[in-house]
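# What the coordinates show
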Amino acid sequence: MKISDYLDYLQDREEIETGRRAAGKQPKQALPKKNREEVLSALVEHDDAAKGGFTPTYTGSEHEREWILTYLSGFYEDHVISDVLRQVKGGKEATVYCCQAGPTTGVELIAAKVYRPRMFRNLRNDSLYRQGRDVVDSAGHGAWGRRQLVAMKKKTGFGQGLLHMSWLGNEYGTMRLLHEAGVDVPRPFASSENAILMEYLGEKDWPAPILHSVTLEQAEVQPLFERMMHNIELMLEHGRVHGDLSAHNILYWQGEVKLIDFPQAVDPIINADAYAIFERDVLRVCQYFARYGVQSNPAAIARDIWARHQPEQS
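So, a few notes on the structure that sits alongside this text. (Residues numbered from 1 in each chain as written. Predicted model: local features only at pLDDT ≥ 70, side-chain atom pairs only at ≥ 80, totals over all residues. Heavy atoms only, no water.)

Moving on to the sheet that holds strand 1 (residues 81-89). Here five strands make up an open sheet; going across it, the order is 1-2-3-5-4 and the pairing antiparallel. The open sheet has two edge strands with one neighbour each: strand 1 and strand 4 (188-191). If you compare each strand with its neighbour and ignore which way they point, the axes differ by 25 degrees on average. Taken together, the three bridges between strand 4 and strand 5 (residues 195-199) define a ladder with antiparallel strand orientation. Looking at strand 5, one finds that Ala190 is bridged to Leu197. The sheet contacts of helix 3 (residues 62-77) involve strand 1, strand 2 (94-101), strand 3 (109-115), strand 4 and strand 5, and relative to strand 1 the element is tilted by about 135 degrees. (Pairing = 2+ DSSP bridges. Helix = DSSP H or I, 4+ residues; strand = E, 2+ residues; numbered from the N terminus. Axes fitted to C-alpha atoms, helices over the stretch in contact; angles between N-to-C directions. Contact = heavy atoms within 4.5 Å.)

Attention now goes to helix 9 (residues 298-309). Between the first and last C-alpha of helix 9 there are 17 Å, a value that for twelve residues agrees with the 16 Å anticipated at 1.5 Å per step. Residues of helix 9 that are buried in the fold lie against helix 7 (218-237) and helix 8 (274-290). (Expected span 1.5 Å × (residues − 1).)

Turning our attention to helix 3. The first and last C-alpha atoms of helix 3 sit 22 Å apart over 16 residues, in line with the 22 Å expected at 1.5 Å per residue. Taken as a whole, helix 3 carries its principal kink of about 40 degrees at Tyr71. All of the buried residues along helix 3 are Glu64, Glu66, Trp67, Ile68, Leu69, Thr70, Tyr71, Leu72, Ser73 and Phe75. Positive backbone phi, approximately 65 degrees, marks His79, located one or two places after helix 3. (Bend = angle between axes of the 7 residues up to and from the residue. Buried < 20%, exposed > 50% of the residue type's maximum accessible area, 1.4 Å probe, protein only.)

Here we come to the packing of helix 8 against helix 9. Between helix 8 and helix 9, the shortest axis-to-axis distance is 9 Å and the interhelical angle comes to 130 degrees. As the angle between them shows, helix 8 and helix 9 are arranged oblique. For helix 8 against helix 9, the interelement crossing comes out right-handed. Facing helix 8, whose interface residues are Ala274, Tyr275, Phe278, Glu279, Val282, Leu283 and Cys286, helix 9 presents Pro298, Ala299, Ile301, Ala302, Arg303, Ile305 and Trp306. Class assignment of the residues belonging to the contact of helix 8 with helix 9 gives a composition of twelve nonpolar, no polar and two charged. (Parallel < 35°, antiparallel > 145°, perpendicular 65-115°, else oblique. Left-handed = near helix turned anticlockwise from the far one by under 90°. Nonpolar A, V, L, I, M, F, W, Y, C, P; charged D, E, K, R; others polar.)

Note on placement: Asp83 falls in strand 1. Of the buried charged residues, Asp83 lacks a salt bridge, with Lys204 as the closest side chain of opposite charge at 8.6 Å. Only 2.5 Å separates the side chain of Asp83 from the side chain of Thr57, close enough to count as a polar contact. The contact partners of Asp83, leaving out residues within four places of it in the chain, are Thr55, Pro56, Thr57, Cys99 and Gln100. (Lys, Arg positive; Asp, Glu negative; His and termini not counted. Salt bridge = Lys/Arg side-chain N within 4 Å of Asp/Glu carboxyl O. Polar contact = N/O pair within 3.5 Å; in protein donor to acceptor, adjacent residues only side chain to side chain.)

Using the criterion set out here, one finds seven salt bridges in the structure. Measuring nitrogen to oxygen at the nearest pair gives 3.2 Å for the salt bridge that ties Glu171 to Lys113. Separated by 58 residues along the polypeptide, Glu171 in helix 6 (residues 157-181) and Lys113 in strand 3 bring together distant segments of the chain. Take Glu171 and Lys113: they sit in the same class, and that class is buried. Where Arg284 meets Asp244, a salt bridge forms, and the shortest distance between an N and an O atom there is 3.0 Å. Here Arg284, found in helix 8, pairs with Asp244, found in the loop between helix 7 and strand 8 (250-253); they are 40 residues apart in sequence, far enough to count as distant. By relative accessible area, Arg284 is classed as partly exposed at 28%. Take Asp244: its relative accessible area is 27%, and that puts it in the partly exposed class. The structure contains a network of salt bridges with shared partners spanning Lys113, Glu171 and Asp261.

Further remarks concern the packing of aromatic side chains. Evaluated as defined, the whole model comprises eight aromatic pairs. Pairwise contacts between aromatic rings join Phe225, Tyr288, Phe289 and Tyr292 into one cluster. (Phe/Tyr/Trp six-rings, centres within 6.5 Å; stacked < 30°, edge-to-face > 60°.)

Okay, here's the thing in structure tokens:
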């Protein structure tokens, strides 16, 4: 059973209770107000036999085990992963796991990014990034109708769930687009309602650190700065602005960089605030390299790159 089933449950419950309130009645006691954790726990128990023998090496706490089984078992059944080996990073937004890749992927390790259900609900100024964006699910489909759009606008429980999937769908779609364009991003392998599988950078017991925590050799500073400017321009050329780019969202491994975390990526054509977001991305990257003595003019760099690829809007 998938998270979409849970969202159907939420929508059905909301519609029933809304109808009873409109009729001046109290909601029936027979309609339980289950929280997300209770429902997920029930789904895990109910669907345990359908996991296809998925018994990951890493399980963590009981709560984390439910998350791993619920959100990653589908990838196991599809032979994209064969095991979950360890937790790489835990945080308030998402948890990243190092997984043993399936035999058909052609790689040894895969990173699984599993989102916390409330992650996208807590984004500040989320409407800033959603301007003009198509509402899509994890498979890139945007087939939701008026009822779903109203639920998202009102931010009901059901609407919040749809927004969550739309943010995730935007990230996965952006990663696919940019990887095919040659931008330094992890190769995306697959996605579901609450997780993305992507290229793992580093070794099993030594994952690639974020650029912010790395001390660069002076000889690699200027080449990496130029590489980052190239990535920023290549993203814009292919219709994307990262939206939250900084040394905290760049992985470093053996002299190379990979840009990560794209849920807030925007399309510069349809987002009215895209230039301000783009200029901020450039500024943050320049500020990081300034600590190594790289002199730059972030405002001029942003203006010049933008003019080359968005001349009508500059």
